[in-house]
Amino acid sequence: MNAAAGTDGLLRCPWAVTSPDYQLYHDGEWGRPVSGEAALFERLSLEAFQSGLSWITILRKRPAFRKAFADFDPAVVATFTDADRERLMADAGIVRNRAKINAVIANAQALLQLPEGESLDRLLREHVPNRPRPVPRTLADVPASTAESAALAKALKQRGFRFVGPTTAYAMQQAAGYVNDHLESCWVRDGG
């Protein structure tokens, strides 16, 4: 599928024109560089919650996720107790999946236990493709995962992270701007 025109006439990745929420996310966030461990932890957590679900579900629940998970401050989330787990399981504003909730808490703990000099940002940068891929012209040209995202997932799992397979790792690389999968004709492709 090729780029499609939004309500303003600008060409975008076709998924971005299916809802105003998607268009706003696409234009202002997706593929744009993200910095700071809390912001990256949020992207990792939301991508894990998205696994098996539509991204629009997660996007619309993001304010509730932020409230429920202390704005994704890893130092706070790492201290969540069984009572917090039960609070989260009762929160209709988020996706109530025990395995994913437990993974987010475990991932906060793993993030805080990274060796000195290592960070989520550094791990992501170390797993960016060494050579540029061809610019995607259609959605069919955008992979679900890559060798680099598989290596990133493996590196994260070795450090105690959970719910981070190659597809989730790649989605995070895309969302946080470590790879640019905006279609060739998308107005955002070159920093729009």
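Please read these numbers as outputs of a predicted model, since none were measured by experiment. (Residues numbered from 1 in each chain as written. Predicted model: local features only at pLDDT ≥ 70, side-chain atom pairs only at ≥ 80, totals over all residues. Heavy atoms only, no water.)

1. Focus: the side chain of Asn107
Within the secondary structure layout, Asn107 lies in helix α6 (residues 98–112). On the accessibility criterion, Asn107 (2% relative accessible area) is buried. With residues up to four places along the chain from it excluded, the contact list for Asn107 reads Phe41, Leu44, Gly160, Phe161 and Arg162. (Helix = DSSP H or I, 4+ residues; strand = E, 2+ residues; numbered from the N terminus. Buried < 20%, exposed > 50% of the residue type's maximum accessible area, 1.4 Å probe, protein only. Contact = heavy atoms within 4.5 Å.)

2. Some points on the packing of helix α8 (residues 147–158) against helix α9 (residues 166–175)
Two elements in contact, α8 and α9, have axes separated by 8 Å at closest approach and are oriented at 105 degrees. Considering their axes alone, α8 and α9 lie roughly perpendicular with respect to each other. Taken together, the residues of α9 that come into contact with α8 (itself represented by Ser149, Ala150, Leu152 and Ala153) are Pro166, Ala169, Tyr170 and Gln173. (Axes fitted to C-alpha atoms, helices over the stretch in contact; angles between N-to-C directions. Parallel < 35°, antiparallel > 145°, perpendicular 65-115°, else oblique.)

3. Structural notes on the nonpolar core
Ranked by size, the top nonpolar core spans 50 residues in total, and within it Leu40, Phe49, Phe65, Phe69, Val77, Leu120 and Phe161 carry the most contacts. Of all the secondary structure elements, the ones that give two or more residues to this core are α1 (20–28), α2 (37–50), α3 (55–68), α6, α7 (120–126), α8 and α9. Other than its neighbours up to four places away in sequence, Leu40 contacts Val34, Leu120, Asp121, Leu124, Met172, Ala176 and Tyr178. (Core = buried A, V, L, I, M, F, W, Y, C linked by side-chain atoms within 4.5 Å.)

4. Quick look at the pattern of salt bridges
This structure, assessed with the given rule, holds 15 salt bridges. Of the charged contacts, one joins Arg137 and Glu184 as a salt bridge, the two residues approaching to 3.6 Å between their closest N and O atoms. One end of the pair, Arg137, is in the loop between α7 and α8; the other, Glu184, is in the segment after α9, with 47 residues separating them in the sequence. A relative accessible area of 54% means that Arg137 is categorised as exposed. (Salt bridge = Lys/Arg side-chain N within 4 Å of Asp/Glu carboxyl O.)

5. Side note on the environment of Arg133
Looking at the element boundaries, Arg133 is found in the loop between α7 and α8. Residue Arg133 is classed as partly exposed on the basis of its relative accessible area, which comes to 29%. When the C-alpha atoms of Arg133 and Asp181 are compared, they prove to be 9.6 Å apart, with 48 residues separating the residues in sequence. Apart from the residues within four sequence positions on either side, Arg133 is in contact with Pro143, Thr146, Tyr170 and Asp181. Looking at Arg133, its side chain comes within polar contact range of the side chain of Asp181, at 2.5 Å. (Polar contact = N/O pair within 3.5 Å; in protein donor to acceptor, adjacent residues only side chain to side chain.)

6. Things to note about unusual backbone geometry
One non-glycine residue, Asp71, adopts positive backbone phi at about 55 degrees. Here Asp71 is to be found in the loop between α3 and α4 (74–77). Of note in the backbone geometry, Phe72 takes a positive phi value of approximately 55 degrees without being a glycine. Secondary-structure assignment places Phe72 in the loop between α3 and α4. Judged by its relative accessible area of 0%, Phe72 is buried.

7. Things to note about the environment of Ala140
Topologically, Ala140 is positioned in the loop between α7 and α8. For Ala140, a relative accessible area of 70% translates into the label exposed.

8. Observations regarding the packing of helix α5 (residues 82–89) against α6
α6 packs onto α5 with a crossing angle of 135 degrees between their chain directions and a minimal axis gap of 10 Å. It follows that α5 is oblique to α6 by the angle criterion. The hand of the α5/α6 crossing is right-handed. Contacts from Arg85, Glu86, Leu88 and Met89 of α5 reach α6 at Arg98, Ile101, Asn102 and Ile105. For the contact of α5 with α6, the class distribution of residues is four nonpolar, one polar and three charged. (Left-handed = near helix turned anticlockwise from the far one by under 90°. Nonpolar A, V, L, I, M, F, W, Y, C, P; charged D, E, K, R; others polar.)

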